[in-house]
Each structure stands twice: as structure tokens, then as C-alpha cells.
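So the chains spell out like this:
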Amino acid sequence: MKRYWYLIILLLLFFLHLQAKVFKGVVKDATNGELLVGATIYFKDNIKHITTSGLDGSFVLENTNSNSEIIVCNYIGYKSLEIVISNSNQQSNKISLLLFPSQLELKGLEVLSSNLTSDQGVRYLEKLSSNVINIVSARSMELSPDLTVAGVLQRVSGVIMEQNSTGEGQFVILRGMDKRYNITLVNGVKISSPNNKQRFVPLNIFPSELLDRLEVSKTRSAEMEGDATGGAVNMVMKDAPYRFTLKANLTSGYSSMFFDRNFLTFNKENVLSIAPYEQNGKDYIAKMEDFGNSFNMPINKQPLPNIIAGFSVGNRIFNNKLGFIVAANYHSINKGTNSTFFEDEMRQNDSINSVILTSYNERAYSENQTQYGIHAKIDYKISKNNKLEWYNFFVSNGVSQVRQSNSINLKATYQPDMGNLDYSYQTRMRITNQQIFVSTLQGEHNFIEKLSLNWTALYSEAGLQRPDQTFVNIDNLLENFEDNIKIDGDGSDRRWEHNSDQDISALSKLKYEVPYKNGKLNMQIGSLIRSKTRDNFYVNYKFKPIDTSQSFETIDQINWKVYTTKGSVGPLTYSADERIEAAYFDIRNEYKKIEIIAGIRSEKTNQVYKVAYPKANEPADSSQTYTDFLPNLLFKFSPNIKTNWKLIYYRSLNRPGFFEIIPYQIIEEEYTEYGNKNLKRAIIDNVDLRWEFFPNSLDQILIGTFYKNINDPIEFAYFSVNQRQSGYGLQNLGNARNFGFEIDIIKYVRMFGVKANYTYTNSDITTPKVYYGKDDNGNTKTFSKNQSRPLVGQAEHVANLSLFFKDVNHGWNAQVSALYTGDKIVIASRYLDSDYWEKASVQLDASAEKDFKNGVSIFFKANNIINTPKIEVIKTINQYNIDKKFPLQSAINKETLIRRDYFGFSFNFGIRYKL
């Protein structure tokens with residue numbers, strides 16, 4: 001009997017399911033047709049059955065109550081909508097819900113439907129922009145697998161990140177243009193650099209969670225500074241919210257590198273912050289007592305888990321006239337690298353040039369990165385037409401690193417079959433501290449309806465300190481380390497470096513608008529004055545062992561003597577000043593579907609340097625002064641509200657770095673490197689064409705092409721110093737060209753989405769290279785020959801693919817991202833056919849998040865899941881290296897392995913709270 005009841009119940013449930021009405025539809029903005037994601041849809045008298053619109057604005061709503069005929073739709077910033085289901089709806093079950101913006105004012109503050117921290121908001125900005133631009137929203141950064149700005153940037157089309165020794169991206173290479181051709185901005189204004197030689201800014205020290213959005217401008221307008229050739233990376237910091245907002249997060253994780261090996265560190269209390277040279281004067285004779293009578297030593301331990309924490313709080317008060325936000329972030333992350341590295345030299349072998357490997361090195365890196373950032377902003381609305389904003393931003397990045405190297409000499413003594421191996425060991429311990437501080441005061445004033453003035457006053461300071469960097473060298477002659485140990489008689493080193501970079505800038509922009517029938521004319525003029533001051537210090541002390549055969553168990557037991565008692569102060573001790581005066585004018589005409597912009601920018605540069613210890617026959621100080629006129633022209637055609645065509649021409653420049661124009665001389669093992677006081681800036685002409693299609697508020701298709709002609713590019717090359725000497729250094733080398741195309745696609749369907757981009761780049765530059773040959777008398781000598789190659793850092797193929805899953809109903813977000821980077825030159829060798837290439841690689845990352853209705857969410861991030869190595873090679877082989885059976889060398893790939901680094905994969909779990 002029970003079985004019959006079960007059968008009746010099942011039939012009844014099946015009947016009820018057949019009677020359930022399923023309605024499908026889409027939610028759109030009634031004013032522009034944009035799809036709305038995350039809108040809430042339900043039956044008015046049956047709220048238990050509720051759903052939300054998906055990533056493409058669509059929804060599916062099921063109702064088992066056939067008496068309900070009213071559907072309700074709610075979305076933040078829009079008026080609530082109620083519709084009665086008509087007979088036609090019931091037959092087709094397809095509904096289009098059109099919402100109108102609320103345009104409400106809450107205590108004097110307008111609530112906008114476009115949130116510029118969301119994906120919808122940044123798509124709107126991309127569509128509106130006159131420049132070629134890609135923007136990443138705060139929400140996308142939050143959901144991505146990345147923690148820093150550098151990590152987020154690598155997923156933008158045309159971007160390659162130059163990695164440091166732990167595999168983390170540092171400097172941006174954009175569309176094949178090296179880091180020297182790109183600029184970094186905070187809230188639209190250039191900031192100082194902690195680099196001791198150049199102008200570029202490390203982007204791995206900026207936490208991405210302090211940003212509202214990240215903008216990558218790939219073209220330059222007259223308003224933008226003239227050295228944005230590859231592009232400008234603009235970090236738009238968090239803005240004051242329109243209501244009280246509190247966010248906090250806590251994350252912990254680990255690196256797989258330390259699953260099977262320990263972490264090396266050292267006692268930071270033993271690090272001397274100031275060198276005896278600075279403390280006591282340049283004539284002071286240093287003694288071992290000044291260095292604590294011993295060296296620091298590495299300590300083996302198991303690292304603690306990574307800790308990442310952050311919070312932000314903001315509000316608007318005093319009738320919404322005053323807004324504020326404070327945000328802070330803290331990182332303590334342990335990283336490791338296992339590296340194989342070969343040193344090489346060029347020889348002539350059987351009348352051909354050959355790369356001969358001279359040493360085989362196994363290196364283990366252990367690094368702790370402690371980072372914190374603080375951002376604070378206050379804005380005050382004086383009146384309807386006047387507003388002041390004050391930004392303050394500070395970031396500090398401290399890295400303590402131990403590098404242990406085990407080296408085998410591969411020269412004539414290399415006889416592994418006989419056990420005759422010449423080993424050496426080096427331990428390097430160093431602390432690197434970097435800081436950047438930015439304080440910006442801005443004003444916006446509308447004098448009359450058509451005339452406005454914007455101004456900015458900025459103070460920026462950056463610094464780098466590397467105190468008491470220690471190198472300890474140990475030799476032993478045979479493979480059995482314990483029985484044949486001795487201290488390297490050439491000695492060990494302790495080194496102090498620090499630099500500071502200060503900017504004071506003033507910017508202004510006056511804009512006048514003239515409306516006319518079906519269009520408007522905008523004219524603006526602007527100016528910039530920047531004064532930069534840079535100081536750099538370097539001193540090195542060499543130590544030698546008192547007894548090279550001394551027995552010891554730890555390196556702090558070695559008895560040393562100071563060999564260079566006054567220290568060696570090289571060309572890196574210098575100061576530099578730079579003053580830039582700029583003015584620009586542009587005129588913008590918008591008529592119906594066409595926008596035309598024509599502008600010109602003038603920049604006068606005065607660059608001065610002073611060297612503490614000048615080279616013989618060279619002055620202690622000198623300067624360069626030049627003025628450049630940089631035109632730009634833009635044509636934008638928008639046949640409809642979803643489509644743009646952009647054609648842009650602009651001229652840009654690339655100034656020499658501060659250290660590059662100093663006539664320095666640094667003696668390396670195989671050549672002497674020289675500075676070039678006659679180095680000129682490069683001038684670049686750029687053309688861009690892009691087609692843009694925005695079918696809705698989230699989806700996009702961008703297809704563009706670009707061309708750059710570089711006059712007097714600055715590149716390393718072999719050259720003649722005088723009639724008797726030749727050297728290696730930076731030169732202006734004729735012309736180079738760089739062209740390519742890129743494609744961006746974003747598409748969402750219900751709960752799934754895909755983001756893909758691909759960039760093809762092709763560049764060419766011709767530089768002189770050295771090779772060995774025979775003269776008329778049969779003697780071996782060096783010759784020079786021109787050879788063409790791509791620009792350093794340019795990969796022919798770069799691609800990104802990200803797959804998304806977003807279940808709004810249940811609060812799930814997930815993302816899997818793959819990054820492909822093709823072969824690229826990382827070091828341009830002075831020798832013929834001997835450039836160092838980094839091989840193509842694929843990196844896989846993932847993230848997931850679960851949102852709960854009480855404002856709490858948990859998340860997971862994983863990076864480098866397949867442990868992709870970084871491999872560097874020379875694309876030629878020498879049979880000598882194969883015949884000698886050098887480790888890891890093979891003739892199969894017709895290339896010489898130079899370096900292979902493994903970084904392991906890392907993972908982090910966290911919790912986030914939003915109020």
C-alpha cells in the first residue's frame with residue numbers, strides 16, 4: 001500500500017513541476033539599452049522565488065503559484081519596476097524589463113547609475129575616452145588571482161611584466177616598448193622613482209586593493225606628459241564613498257617552494273645602517289671593529305605563513321560637502337627561487353665565434369617581502385562650482401634576501417670523470433627598502449557655465465636603501481667540501497647604497513566650451529613646472545681573510561681584515577637636478593558623430609649632474625638643455641552609441657636616465673662599460689587605429705593596430721672610445737621601428753564569461769656587434785659588424801585568456817586565467833649572435849570567492865599553478881660545450897642554456913567584510 005502512496009506523491013510532484021511557469025527575460029537600462037547585472041527579480045506575492053540577472057543581463061524566474069501575475073525588479077540607482085504579466089508574456093514566457101535611473105539626490109549628493117569602480121563603469125569610460133585605453137575596475141582586481149598592480153597589469157593586452165629574481169613582475173613593457181618608454185602616474189600625475197639610475201617605477205610595491213581603477217593609456221594627448229611613448233599607467237586611488245563604508249580583509253597563504261627546502265634568513269639587528277665612510281668622513285681608516293668584528297650569517301628555518309591584511313573606511317559628512325576615505329594594506333610574503341645559471345665568454349674557435357661556458361651555478365633564493373601602503377583622501381565641495389581635493393599616499397616595501405650559490409669552474413680543470421672539480425660558494429645577504437610618498441592638492445573651479453580651471457600642486461619623494469649588503473666567498477678544490485675547504489683569497493665585500501628622488505610639480509588647465517547646434521567646441525591650455533632633485537650614494541669595502549686555510553663551522557667565525565680601509569666610492573655617488581617646463585594647447589570639435597582633436601605640447605628640459613669622483617679628464621658636473629614640440633591629432637567617429645573608430649597620431653620623446661649621461665667607467669670581466677655624456681633623447685612618431693564595439697554595458701570587442709618610428713633610440717652597443725680603446729655603453733643608434741596589432745574580447749552569457757586578448761608585435765633595430773676574426777697577418781683580433789634584432793623586452797606574441805563563473809543567486813565567483821608570452825630578448829649582448837633570449841612560457845592562475853548575505857565573503861587565490869620556469873638561452877650552440885659534457889647542455893634544441901629559474905606555486909585563503 002505504501003508503494004502506491006509513494007507513486008501518487010511522485011506523480012503529484014511531477015504534475016506541479018509541469019504546472020510551474022518559467023519566465024525568461026533580460027534587464028536593461030531604459031535610456032541606453034545597457035544590460036544590468038545583478039538586478040533582483042521576483043513575483044510580488046511570492047518573494048520566496050527570487051532570482052538575479054546574470055552577467056549578460058538575462059534571468060530565469062520560476063513560479064509554482066499560478067495566481068501570481070506581477071513581477072518586481074529592483075536595481076541600485078534605478079527606479080523599482082512592477083509589470084503585470086500579459087497573455088502574450090504567458091505564452092512566450094519572455095520578458096524585457098526596462099529600468100529608468102532614479103536620479104535621486106540623497107542629502108545633496110546625486111547617486112549615479114554608472115559606478116566607476118565596477119566593470120560596467122569602466123566599460124563606459126573606455127567607450128567615452130578619446131584615447132586608446134584599457135581600464136581594470138576595482139571589482140575585477142578584487143576577484144582576480146593577483147595582489148599587486150604589477151600582477152593585475154600583466155592581464156592587459158600588450159603588456160609584459162619584467163620579472164625580478166623571485167619571478168614577480170616589476171616593470172611594465174607595453175606594446176614591445178621597454179620600461180624606459182613608459183610612465184607611471186598616481187591620480188593622473190607623474191611620481192618619483194626609487195631607482196638609482198633610471199626614471200621607471202617598480203609596480204609590484206603597489207597593493208591593488210588601494211585602487212578604484214587601473215588605467216592603461218596607449219596613446220598620448222597634449223595634456224599628457226611627452227615621454228609616454230609605450231603608454232601611461234595611471235593608478236586612480238580610492239575615492240570617498242557617498243555613504244559610510246567599511247571594508248576589511250585578512251589573508252594567509254604559503255609557497256610550495258618551501259615544501260621541500262628550508263627558508264634562509266639572517267639577523268637584521270647585525271646589519272649596519274650607516275657605512276664608516278658616511279659616519280666618519282671620506283678619510284677615515286676603517287677597522288674590523290667598525291663592522292662588528294665579524295660578518296652576518298644565514299639562518300635556516302621554516303618560514304611562517306604569508307599574512308596579508310587591509311581595511312578602508314570612508315563617508316561623507318556636513319551635508320555631503322566633506323568626503324573622506326582612509327585605506328591601508330599590509331603584506332608579509334615569503335618567496336623562493338631555485339635557479340640554475342651559467343656564466344659564459346666569447347672565444348674564437350676554428351675561425352668561428354663561439355660562446356664558451358665558464359661556470360655552472362646552482363642558486364637558491366629566499367626572500368621575505370614586508371610591504372605596507374596607506375592612502376588618505378579628503379575632498380570638500382565649497383560650492384556648486386568649486387571643489388578641493390587632497391590626496392596622500394605612502395607605500396613602503398622592504399625585502400630581505402639570502403642568495404646561496406654553488407659554482408663549478410668549467411674551464412680547463414673541469415674533469416668530472418676524475419672527480420677533479422673546482423668548486424666555489426658564495427652567500428649574499430641584503431636588505432632592500434623602497435618608499436614612495438605622494439601628496440597632491442587639486443582644485444576644480446567653474447567660473448561661468450563655459451569656463452573652468454583645474455590645478456594641481458604635488459610633492460613626491462621616493463627612496464631606496466640597501467645597507468650592509470654582504471658577499472662571502474668560499475673556495476674548495478675538490479668535490480668533497482669538508483676535506484678541502486678554504487676561504488677565497490680574493491676576499492669578500494660589504495656594500496652600502498642609497499638614493500633619494502624628490503619632485504615638486506605644479507600643473508594647471510584652463511578650459512573654455514563653445515556649444516553650437518549639433519555640437520560643441522572645447523579649447524584648453526595648460527602648463528607644467530616640475531623641479532626634481534636626486535642624490536645617490538655608493539661605497540664598497542673589500543675584506544680578505546687573515547688565514548685562507550682557517551677552519552670554521554659558520555662564516556661568522558672567519559677572521560677578516562679590512563683590505564680597502566677607506567672604501568671604494570664609484571660613479572654611483574652622484575647628484576642630479578632636472579627642471580621641466582611644459583605648456584600645451586588643444587582644440588576639440590564634437591559635431592554629431594564626429595570628434596576631432598588637434599593639439600601641441602612644448603617641453604623644455606634642463607638636466608644637470610654632479611659627480612663626487614669624476615673620471616680623469618672629465619668635468620665633475622655638466623648639463624643638457626633642449627626643447628621639444630610634440631603635436632597630436634585625433635579623429636573619432638561614432639556611427640552609433642555602441643561603436644567607435646579612432647585614428648590617432650602623436651609625437652613623444654624618451655629622455656636619457658640620470659646616470660646614463662654621466663661619463664662613468666666601470667670595468668667588467670670581459671669589457672669596460674662607459675657612460676655617455678653626449679647621449680641624446682629619442683624622438684618617436686606614433687600612429688594608432690582602433691575599432692571599438694560595446695554591445696552592452698559589459699561586453700566589448702576592441703581591434704587595433706599601431707606603428708612607432710623611433711629616431712635616435714637609446715640602446716647598449718659596442719663603440720670606439722678613442723683610437724686605442726673600445727667599450728660597451730648606451731648609444732643613439734639611428735632609427736628603429738615597432739608595429740603590431742591587438743585584439744580584446746569580453747563576452748558574458750548568463751553565469752559564464754570569457755575575457756581574451758592577443759597582441760602581435762614586431763620591432764627592428766640595427767646595432768654594431770663584436771666578433772673575432774683574423775687580420776691580414778693571420779692574427780686574431782676583434783671586428784665590428786651591424787646586426788638587426790628586436791627591441792629588448794619585445795615578445796612577438798602575447799596572449800591572455802580568462803574564464804569566469806558568476807552565480808549571483810548563490811554568491812559564487814570563480815576565475816581561471818592563462819598568460820602566454822612568446823620569446824623575447826632580455827639582454828642585448830655586445831657579441832654577434834649572442835643575445836640572451838627568454839623562452840616562451842605559459843602561466844596559469846586561479847581565484848574563487850563565496851559571498852554571504854551578511855557582508856562576509858571568503859576567497860582563494862592561486863598563482864603559477866603549473867610552476868612555469870623562466871628559461872634564458874643563447875640561440876646558438878658550441879660543440880665544445882657538448883663534448884665537455886657540461887651539465888644541462890644539449891645539441892637537440894640548437895641553443896645554449898644560460899639560466900633556468902623555478903619559483904613554485906603559491907596560494908592564499910582569505911576573508912573579506914563589507915559594511
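This is a predicted model, so every value here is computed, not measured.

J.: Help me get a handle on the packing of aromatic side chains, residues and values and all.
T.: Aromatic rings in a pair are described by how distant their centres are and how their planes are angled relative to each other. One pass over the structure, following the stated rule, counts 30 aromatic pairs. Between Tyr-254 and Phe-259 the ring centres are 6.1 Å apart and the planes differ by 10°, which places this aromatic pair in the stacked class. When its relative accessible area of 15% is taken as the criterion, Tyr-254 is described as buried. For Phe-259, a relative accessible area of 53% corresponds to the exposed category. Taken together, a centroid distance of 6.4 Å and an interplanar angle of 50° make the contact between Trp-645 and Trp-691 tilted. Of the two residues, Trp-645 is situated in strand β33 (residues 643-654) and Trp-691 in strand β36 (residues 682-693); the sequence distance between them amounts to 46 residues. For Trp-691, a relative accessible area of 23% gives the class partly exposed. Above the plane of the ring of Phe-658 lies Arg-199, whose end atom (NZ or CZ) is 4.5 Å from the centre. One residue, Lys-850, lies across the ring of Phe-852, its end atom 4.5 Å from the ring centre.

J.: I'd like a description of the pattern of salt bridges, backed by residues and values.
T.: For the structure on display, the rule yields 51 salt bridges. Between Arg-123 and Glu-126 there is a salt bridge, and its shortest N-O distance comes to 2.8 Å. Taken together, the residues Arg-123 and Glu-126, both in helix α3 (residues 119-128) and 3 residues apart, mark about one turn of the helix. Of the two residues examined, Arg-123 and Glu-126, each falls in the buried class. Note that Glu-389 is salt-bridged to Lys-377, the shortest N-O span being 3.3 Å. Residue Glu-389 is located in strand β23 (residues 386-409), and its partner Lys-377 is located in strand β22 (residues 352-383); the two are separated by 12 residues in the primary sequence. Given the relative accessible area of 8%, Glu-389 is considered buried. Shared partners join several salt bridges into a network, and the residues in it are Lys-190, Glu-225, Asp-227, Asp-501, Asp-503, Arg-530, Lys-532, Arg-534, Arg-601, Glu-603 and Arg-655.

J.: Can you break down the environment of Lys-247 residue by residue, with the values?
T.: Of note, Lys-247 is situated in strand β17 (residues 245-255). Here Lys-247 falls in the partly exposed class, since its relative accessible area comes to 29%. Contacts of Lys-247, omitting those with residues within four sequence positions, involve Gly-310, Phe-311, Ser-312, Tyr-913 and Lys-914.

J.: Requested: an account of the nonpolar core, with residues and values cited.
T.: Counting residues in each nonpolar core, the largest one holds 43 residues, and the members touching the most others are Phe-291, Leu-410, Val-539, Tyr-541, Phe-543 and Trp-560. Every residue in contact with Phe-291, bar those within four places of it in the chain, is listed here: Leu-272, Pro-276, Ala-286, Arg-494, Trp-496, Tyr-541, Phe-543 and Val-562. Grouped together as the second largest cluster of nonpolar side chains are 32 residues, Met-141, Leu-203, Leu-210 and Leu-458 included.

Each value, and the rule that gives it
- Residues numbered from 1 in each chain as written.
- Predicted model: local features only at pLDDT ≥ 70, side-chain atom pairs only at ≥ 80, totals over all residues.
- Heavy atoms only, no water.
- Phe/Tyr/Trp six-rings, centres within 6.5 Å; stacked < 30°, edge-to-face > 60°.
- Buried < 20%, exposed > 50% of the residue type's maximum accessible area, 1.4 Å probe, protein only.
- Helix = DSSP H or I, 4+ residues; strand = E, 2+ residues; numbered from the N terminus.
- Lys NZ or Arg CZ within 6 Å of the ring centre and 35° of its normal.
- Salt bridge = Lys/Arg side-chain N within 4 Å of Asp/Glu carboxyl O.
- Contact = heavy atoms within 4.5 Å.
- Core = buried A, V, L, I, M, F, W, Y, C linked by side-chain atoms within 4.5 Å.

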